[in-house]
Number of protein chains: 4
Amino acid sequence: MTDAHTTRVWRIATDGPADTQGLARLIEENSIDPSQIVAIFGKTEGNGCVNDFTRGYATQSLRQMLAAHIGVAAATDIAMVMSGGTEGVLSPHLTVITRGAAERVNPTTDKSLTVGIARTPVIASEDIGRRPQIDAVAAAVGTALEQAGIDDPADVHYVQVKCPLLTSQKIHQAEGRQQPLATTDTYKSMGYSRGASALGVALALGEIEASSVDDRTVLADMSRYSDVASASAGSELDYCEVIVLGNSATATGPLYAQHAVMQDAIDAAAVQRAISGETADHTLVQVLAKAEADPAGEVRGRRHTMINDSDINHTRHARAVVGGVIAALSGEPMVYVSGGAEHQGPAGGGVIAAILSRA
Amino acid sequence: MTDAHTTRVWRIATDGPADTQGLARLIEENSIDPSQIVAIFGKTEGNGCVNDFTRGYATQSLRQMLAAHIGVAAATDIAMVMSGGTEGVLSPHLTVITRGAAERVNPTTDKSLTVGIARTPVIASEDIGRRPQIDAVAAAVGTALEQAGIDDPADVHYVQVKCPLLTSQKIHQAEGRQQPLATTDTYKSMGYSRGASALGVALALGEIEASSVDDRTVLADMSRYSDVASASAGSELDYCEVIVLGNSATATGPLYAQHAVMQDAIDAAAVQRAISGETADHTLVQVLAKAEADPAGEVRGRRHTMINDSDINHTRHARAVVGGVIAALSGEPMVYVSGGAEHQGPAGGGVIAAILSRA
Amino acid sequence: MTDAHTTRVWRIATDGPADTQGLARLIEENSIDPSQIVAIFGKTEGNGCVNDFTRGYATQSLRQMLAAHIGVAAATDIAMVMSGGTEGVLSPHLTVITRGAAERVNPTTDKSLTVGIARTPVIASEDIGRRPQIDAVAAAVGTALEQAGIDDPADVHYVQVKCPLLTSQKIHQAEGRQQPLATTDTYKSMGYSRGASALGVALALGEIEASSVDDRTVLADMSRYSDVASASAGSELDYCEVIVLGNSATATGPLYAQHAVMQDAIDAAAVQRAISGETADHTLVQVLAKAEADPAGEVRGRRHTMINDSDINHTRHARAVVGGVIAALSGEPMVYVSGGAEHQGPAGGGVIAAILSRA
Amino acid sequence: MTDAHTTRVWRIATDGPADTQGLARLIEENSIDPSQIVAIFGKTEGNGCVNDFTRGYATQSLRQMLAAHIGVAAATDIAMVMSGGTEGVLSPHLTVITRGAAERVNPTTDKSLTVGIARTPVIASEDIGRRPQIDAVAAAVGTALEQAGIDDPADVHYVQVKCPLLTSQKIHQAEGRQQPLATTDTYKSMGYSRGASALGVALALGEIEASSVDDRTVLADMSRYSDVASASAGSELDYCEVIVLGNSATATGPLYAQHAVMQDAIDAAAVQRAISGETADHTLVQVLAKAEADPAGEVRGRRHTMINDSDINHTRHARAVVGGVIAALSGEPMVYVSGGAEHQGPAGGGVIAAILSRA
């Protein structure tokens, strides 16, 4: 079991993908102890699609700055999830999460925000988008839950998975080994990997049963999904990295998490539920949400044109909408909204998690 | 003074810019008398920018279908305003407005929805974006108000102006006549024409004083604007066409209009005010709104990236956001949101008008 | 066998998708007899992808104008192939092809330009992208060859096929009839339909053997293709329309066709071969070519970024390149270059046909 | 006067903006002495417009890698010009230029390739796009010529200038000091700065006379320009950096430069002149060229649609065309083509320089 600890969250505006000054200043003025940083979520101003290099640029810039404070190895250990695409009013920023010694005894019996991270072993190319990846992610979620001090799945409010994709090189190697793959299309492998990751989360949290899911479930049976999973694929890793956010009695401090599930991109009621504090004086610290253009081509029975738009990728449309809706209802455009939601909530919808402060 | 009349409004989904079947069906089943059609607003699925041909395609298709019913001349007289760009959840559709004999005595003392249209004389190229255009639009608004039976500017809730722009040909001709123009840039002339049109509306409605506005006001003094103007420029006309929507005691029927002014793209309170009926059982018939990426580069103090995005025009981002916010709060994605808002409401914001039904 | 006839070709600049004035003027001044128009190829300034409505807009505008001259039925009979996308220096225009009585005895023993058109029966949804479509197109090519008076496949230099795609509606209907389809993805069905059409051309011309091709060949075995096919899919028809361009001894007049096969998008030698006249005083009348981003991700061993570009569709990149290369070598940007080349020439390349004049 | 020296040029493919492995390998195997690197030109796969972060990402990655070899200060001294945009067949790569001790006596009396770099002082915001910037660049070109050992302007074949732009912050500061600026539009300031830089090159090389140019020349009198200038603006510097490429008798080695001026984007003859060696066995090492969509809207009298395309910036179209034309004529897609050409060659055209090898 995990020790008593306090999780803190900073939201820091950036002037561009390489801007680390806001975080550097907080470190220099001793507001943030860089050795306590567990994870950084970022929204960067690229297209959020295949050729978005702002994610790598931000990660490189952050690791370089942090290495000067805590060394290369410790900087590399921090889980970094950069999500490209700040369409509409979405504002580029970083969300920095630290885990430190318990600051004070939890003033109430309430559970407080906690974070846990874990990594799977390397996922073989032929396992991407298939049951072995599902199982590996499920196991990593279990490890992260333990680290976070969460034993009730109901206390989990957001699970980020960063997962590998199939590059041309990996595909050639697998073909050399005569290993058939889930897909030989680089772009599609991103969807397979995200989908299997989300199913892994669902399995770990008991949202689906182990017997109900196999290779053919991925990207096919969209009725099986996790209410709290958010997955993104990247070429820079060959394992899966898991970040669990939830509440734990072992955690102290004013922060806590909650979530709702948006049934579609304009589900104002779900947004309202997610961002409303337990009491009126609770303040909103950050929102993390998924956005997706409804694959059926309709929202509330009205045709949308996002999927047939050959000029703007549908994920960009979807982030603009969900970002706008959350900003309108919360008054805050500096929120984390990421696109692509296979098996991550119902088709066309997805999780919206909020971190609030009781103080 | 105008005779007693009833204004009716239909919202018709379209499958593409050339789809006139929905309207044709309503005509064939005698729901709509085509000779009573005064104006058609459309949202078409183009980019809403310079090379958006879906607007012309929709207009051509509608005039062709209507000409078969009421003749070419009458079909040409109908005011048609096609606005390109159905980003995000916005759903392509037509809003058809008819004006017919008073259907019944107005059941209450309430004023009901009315519509008036008018055209300016041809605007000379050297007058575009300048005081003569402002004055011509102001005069046309006056004529349209009279036709609508509105004598109190407070009863005006939406004024659409369709205005000309400078084409390369017009610029060459003016240069031949040695007439200096407001701009020799085709694209910029759209902003000048929209801006002067909106100032003309403001002048007619007493929102600004005649002595306070001259050529230098246009696109320069953004503190002067109309709360109810919505202007769009097109190359297909050389005069300005004005459509006034408001309420009048001479109009009967269940419909009425109201409006609010969005201070920014996520002004949920303004949206709520605009779409809420006088009583709870009033239903929302249609919403018409302007969208704009805040030119200062910030929304609620948070940096946005819409203006610096060289892949997606900022008007497309803005429509996605405003369309999403209105859809989330009203539950309806089939609304009319158009972009570009010079002198049309405060910078970064704009009018949101709603048509509601008491029945 | 076909009667002696003369095929003529006009290239007409357009100011936009709806501009029919250039053609109207040629008709009014009796240069073109509208009843002799067999086919019109157009380049329109849309994105050339799914949501490109400039193609339909141009077709509607042309049929409307021509109907006033020759009636609706005859206007509908003209084969119209509008190709969207005038990237780079490509200039929007129409290529109008007429077939009239033999103007004079062919001055030489040379064969002259001829054209033949034919239509397949309706292609059932379950046959799209499969052997029945291949066979139907092959039969139609045979009919068109006969009409054109071509009996040697070596005299065929360009075969345009316009083919249907699977719409959502068609997919639902086929599912209701429990008919499995080649794909249930609307966008992918375009590739299947183009691919099967091109294989049909290859079969008719003896480029592949009937025994070597079946359902599994389509989009899979890219070593089988036609050197002269150019196919495009559209939702406006449910049959395939075939236009054959070639040379025939039954045709008289100064024009003749020739072609080469570009091995990649920068195959200057192939362009040069295609556009060079039999003798130095022969003039170039028009060029028709296919463009494709090499699916292997490389051109001449150098990585290109067209396929991974999520902002600009790869077909748009490819047309800009091929259009630029042809314009540079011929001095003429008003050429017909269309994108998407499954089974139409070698991967990454495609046909380039030229029409020249001996006069 | 400069010492005898040898200039060498490497062209290195990259897998992405952060890929420095090719250069690192050449350093590790002692092919390149990193202390001899004078300049690096790169093509990176961004949009080449305002929000293209691939340029900064590449620069950061290169400086980080080189600092490990030669220290931070020396790595910072290397002139790095990253040009975004690899549209069409253009292939991402680096061009690395070194200057080392004379390798051998020049075998002929021919002049060999030389390089010179220089920096202006900081350009005050109010001087950007105006005469002081023109003069400062002219002076820096003089210094670079001296370093390069060039005394005849006819020996200059390419002058790259990297120049500052006006950021929002700079504009605010200048307004505080009540200093009127050439423009208060961030994007337009890029054009002003590029234009003034190119005029500075023209002045230094005697292409225009000092008395013929003042503030009003910039972006207005396009008849004044430099045949060899290539300028790009960036927010990462507040001075101008100049790189001169040409031939000098003090330089030894097999490489030499030459150039031609493309009159338009499809000027095949100019490309041919630029890339053809003095003798047939000379090989082409690299090409550097400018690309621009003709601002008059026509190429060879044919309308193009690049400027009115609201989906794809016209500079992207132009690079695709010029890159394709050069690749077709040279057989090499890994060339340096950059966009935006104010006062850099005739309107719609620009310089094309080639580096060839006599060996």
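In every chain, residue numbers begin from 1 and rise along the written sequence. For this description, chains carry letters from A and ligands carry numbers from 1, given in the order in which they are written. A pLDDT threshold of at least 70 governs which residues receive local features in this predicted model, and a stricter bar of 80 or more applies before side-chain atom pairs are shown or counted, although totals over entire chains, interfaces and linings include all residues. To get the side-chain values, all heavy atoms of the structure are used, and hydrogens and water are removed first.

**Some thoughts on the interface of chain B and chain A**
Phase 1 of the analysis: Tallying the contact residues gives 38 residues for chain B and 38 residues for chain A.
Phase 2 of the analysis: Overall, the association of chain B and chain A removes approximately 2800 Å² of surface from exposure, summing both partners, and the carbon and sulfur fraction of that is 59%.
Phase 3 of the analysis: Throughout this description, the term salt bridge denotes a Lys or Arg side-chain nitrogen within 4 Å of a carboxyl oxygen of Asp or Glu. Applying the counting criterion to the chain B and chain A interface returns six salt bridges.
Phase 4 of the analysis: A salt bridge links A:Arg316 to B:Asp309; its shortest N-O distance comes to 3.6 Å. Contacts are assigned to residue pairs that have any heavy atoms within 4.5 Å of one another. Reported buried area values correspond to the accessible surface (1.4 Å probe) lost by two parts on association, with both partners' losses combined.

**Observations regarding the environment of D:Val201**
All names here are of chain D.
Phase 1 of the analysis: Here Val-201 lies in helix α6 (residues 186-204).
Phase 2 of the analysis: For Val-201, a relative accessible area of 0% corresponds to the buried category.
Phase 3 of the analysis: On a C-alpha basis, the gap between Val-201 and Gly-142 in space is 9.1 Å, while along the polypeptide they are 59 residues apart.
Phase 4 of the analysis: What Val-201 contacts, discounting residues up to four positions off in sequence, is Val-137, Val-141, Val-159, Val-161, Glu-207, Ser-226, Val-228 and Ala-229. Only DSSP runs of H or I reaching four residues or more are called helices, and only runs of E reaching two or more are called strands; each is numbered from the N terminus. Relative accessibility decides the category of a residue: with a 1.4 Å probe and only protein chains considered, values under 20% of the type maximum give buried, values over 50% give exposed, and everything between is partly exposed.

**Observations concerning unusual backbone geometry**
All names here are of chain A.
Phase 1 of the analysis: The residue Asn-30 is not glycine, and still its phi comes out positive at about 65°.
Phase 2 of the analysis: Take Asn-30: it is sitting in the loop between α1 (21-28) and β2 (37-44).
Phase 3 of the analysis: One non-glycine residue, His-343, adopts positive backbone phi at about 60°.
Phase 4 of the analysis: Turning to its location among the elements, His-343 is positioned in the loop between β14 (336-339) and β15 (350-357).
Phase 5 of the analysis: The exposure class of His-343 is buried, given its relative accessible area of 1%.

**A look at the pattern of salt bridges**
Once the charged atoms of two side chains with opposite charge are near each other, the side chains can pair.
Phase 1 of the analysis: Enumeration over the complete set of coordinates arrives at 68 salt bridges over all chains.
Phase 2 of the analysis: As a salt-bridge pair, C:Glu278 and C:Arg358 come within 3.6 Å of each other at their nearest N and O atoms. One end of the pair, C:Glu278, is in the loop between α7 (268-275) and β11 (283-291); the other, C:Arg358, is in the segment after β15 (350-357), with 80 residues separating them in the sequence.
Phase 3 of the analysis: Counted as one network, the salt bridges with shared partners bring together A:Glu87, A:Arg316, A:Arg319, B:Asp309 and C:Asp311.

**So, the environment of B:Ile266**
Phase 1 of the analysis: Positionally, B:Ile266 belongs in the loop between β10 (255-262) and α7 (268-275).
Phase 2 of the analysis: By relative accessible area, which is 0% here, B:Ile266 ends up buried.
Phase 3 of the analysis: The residues touching B:Ile266, leaving out its near neighbours within four places in the chain, are A:Val89, A:Gly324, A:Ala327, A:Ala328, A:Pro333, B:Val299, B:Arg300 and B:Val321.

**A few points about the relation of the copies chain D and chain C**
One copy of the chain maps onto the other through a rotation about an axis followed by a shift along the same axis.
Phase 1 of the analysis: The least-squares superposition of copies is restricted to C-alpha atoms, and to residues with a pLDDT of at least 70 in both copies. Expressed as a screw transformation, the operator carrying chain D onto chain C has a rotation angle of 180° and an axial translation of 0.0 Å, and the superposed copies differ by an RMSD of 0.0 Å. Here the symmetry operator amounts to a two-fold rotation axis.
Phase 2 of the analysis: Most of the interface of chain D is mirrored in chain C: 100% of its interface residues are interface residues there too.

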